[in-house]
Amino acid sequence: MTHQYSANSAKSILEQHESNVRSYCRDFPVVFHRAQGHRLWDETGREFTDLLCGGGALNYGHNPPPIMQDLIAYLFQGGPVQSLDLYTTAKARFVEAFRQTVLQPRGLDYVMQFPGPAGTLAVEAALKLARKVTGRHNIVAFTQAFHGASLGALAPTSVPVLRQASGVPLGGVTVMPFDGALDDVDTTAVIKKMLAPGFGIDPPAAFLVETVQGAGGLNVASRAWLGAIREIADAVGALIIVDDVQAGCGRTGDFLSTDFAPELRPDMICLSKSLSGMGEPMAMLLIKRRLDQWEPGEHSGTFRGNNLAFVGATAALRYWNDPIFIAESRKLTQAIRTAVEDIVNQAVRIAGPVASAAGRGAMSGIRFTNTETALAVKRNLFEHNIIAETCGGGRVLKLFPPLTMTVPAWEQTANTLRTCVVDAANAV
Ligand SMILES: Cc1ncc(COP(=O)(O)O)c(C=O)c1O
């Protein structure tokens, strides 16, 4: 493949002219040029294994052929790409496929809102609708939550650097402790108590919750905890919004991360990231039918009708009707958990309790006791041509291979990961 710039000049053009706000590229300062499956190549031909996975937007890997073929065919047949919220065949096919593949087998009756091309927009729409439906303003959010960088979704987000950048007060939210956030304390008992009448907290419109906190550090909510949140929400007349932007679309094993906790019964679910199949921007808000109290045009956005995303999303759903994909991705998930636990045990044998396994399903990683160790492993991995990010304030190494990665390919990657973690443990 030919390209216009040498690696150095492409990098210097971007460094000179792209805003200082850029971030991931500072940790992985090469210029990517080609991608396939779990592999990325930079302009010099150096090959990387991608465990960053577009922050969870590439659950089927880069340029998956079954999805790419449908996108290319759609373009060549002259299908409309941008269509605001006009009806299109591409959208209708997606809605029908989603109904058949995800909603119907679970007995769910949600309507689908397409709020625009980013996860944060699904959260914005959910918060707005919850406030409208209940007539209340307060949202219960959780410690270490991440819901997006636009102002509405930032209010329930914990990340200090993002909050400080908002430039305005971020209100309308009460933060409560997530599962496990207070050592040896049942946080649902705290939440129940704090929301009692007369304690000074305005009755919430909704609880906004991630079942596994992604950016917050792969913190896992247990089934019992989520069930207790449902009971509290019912008691105080609040809705439950699940932010499944990162944990959804199969990352935890099931298509919806809520499948393992049926008692949660979300009123709304935010999806994005891997929904479109190969990284096309797309978000969707699932709304229980009786709560769909929007007036026509009451919420808007130009890019609600990205038909390439609808085509990709329809093709992606085929994976979830394919028993081979489901069986293979389960094997991969098991292999990830086995490797993580094994590597953690080895690090602990070397240096004491410096690391622990984090996450659920293929939403897994390694939690270190300090940011320096996590950073050292991340840097060493990059030296070994593996790209992985940290989360949870920099202490948790996030390992997000595509769900389509083969177990042997993962095991080869895990061997390098083991070397890097052992090096770091020896240096503690
Ligand atoms: C749980 C969660 N919600 C919302 C968002 C925001 O999505 P986006 O970055 O597409 O706006 C993210 C992004 O990482 C996320 O992890």
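For the structure, see preceding data.
The structure reproduced in this document is the subject of the present report. (Residues numbered from 1 in each chain as written. Predicted model: local features only at pLDDT ≥ 70, side-chain atom pairs only at ≥ 80, totals over all residues. Heavy atoms only, no water.)

Observations concerning the pairing of strand E3 (residues 47–50)
Examined bridge by bridge, strand E2 (residues 39–42) and E3 share three bridges and lie antiparallel to one another. Bridging across to E3, Trp41 finds its partner in Glu47. Between E2 and E3, which follow one another and run antiparallel, lie four residues, and Gly45 among them has a positive phi close to 95°. For E3 and strand E15 (residues 386–387), the ladder comprises two bridges, and the chain directions are parallel. Following the sheet pairing, Thr49 is matched in E15 by Ile386. (Pairing = 2+ DSSP bridges. Helix = DSSP H or I, 4+ residues; strand = E, 2+ residues; numbered from the N terminus.)

So, the site of the ligand
Taken together, Ala118, Gly119, Thr120, Phe146, His147, Gly148, Glu210, Asp243, Val245, Gln246 and Lys273 form the complete shell of residues around the ligand. In the environment of the ligand, an oxygen atom lies 2.9 Å from a nitrogen or oxygen atom belonging to the backbone of Gly119. Here a nitrogen atom of the ligand and a side-chain polar atom of Asp243 are 2.6 Å apart. Notes on the ligand: free accessible area 390 Å², of which the protein chains cover 81%. For the ligand, the cavity whose grid points lie within 2 Å of the majority of its atoms is the largest pocket. Looking at the shell around the ligand, its residues break down into three nonpolar, five polar and three charged. (Near = heavy atom within 4 Å. Polar contact = N/O pair within 3.5 Å; in protein donor to acceptor, adjacent residues only side chain to side chain. Areas by Shrake-Rupley, 256 points an atom, 1.4 Å probe, with all protein chains shown as cover. 1 Å grid on protein atoms, 1.4 Å probe; cavity = no way out; pocket = protein on both sides within 12 Å on 5 of 7 lines; lining within 4 Å. Sits in = over half its atoms within 2 Å of the grid points. Nonpolar A, V, L, I, M, F, W, Y, C, P; charged D, E, K, R; others polar.)

Some remarks on the layout of surface pockets
Size it by volume and the largest pocket reaches roughly 1100 Å³. Looking at the lining of the largest pocket, the elements that each hand over two or more residues are helix H2 (24–27), helix H6 (119–134), helix H8 (160–164) and strand E16 (390–391). Among the residues making up the lining of the largest pocket, the classes are represented as 15 nonpolar, 15 polar and eight charged. Looking at the second largest pocket, its volume works out to about 710 Å³. Around the second largest pocket, the lining comprises 27 residues; the ones closest to its centre are Asp85, Lys91, Met112, Gln113 and Phe114. Elements with a contribution of two residues or more to the lining of the second largest pocket: helix H5 (89–106) and strand E4 (110–113). (Points joined across faces, edges and corners; volume = space filled by probe spheres on them.)

Remarks on the side chain of Thr413
Relative to the helices and strands, Thr413 resides in helix H14 (residues 407–427). According to the relative accessible area criterion, Thr413 is buried, its value standing at 7%. Discounting chain neighbours no more than four positions away, the residues touching Thr413 are Thr49, Leu51, Ile386 and Met405. (Buried < 20%, exposed > 50% of the residue type's maximum accessible area, 1.4 Å probe, protein only. Contact = heavy atoms within 4.5 Å.)

A closer look at the sheet that holds strand E10 (residues 239–243)
The seven strands lie next to each other as E4-E12-E11-E10-E7-E5-E6, forming an open sheet whose pairing is mixed. Each of the sheet's edge strands pairs with one partner strand only, and the pair in question is E4 and strand E6 (173–176). For this sheet, the mean inter-axis angle between neighbouring strands, taken without regard to orientation, is 20°. Of the pairings in the sheet, the one linking E4 to strand E12 (residues 284–288) comprises four bridges and is antiparallel in character. Looking across to E12, one finds that Gln113 is bridged to Leu285. On the sheet, H6 packs against E4, strand E5 (138–142), E6, strand E7 (204–209), E10, strand E11 (268–271) and E12 and is oriented at approximately 165° with respect to E11. Across the sheet, helix H10 (residues 223–236) is in contact with E5, E7, E10 and E12; its angle to E7 comes to roughly 170°. (Axes fitted to C-alpha atoms, helices over the stretch in contact; angles between N-to-C directions.)

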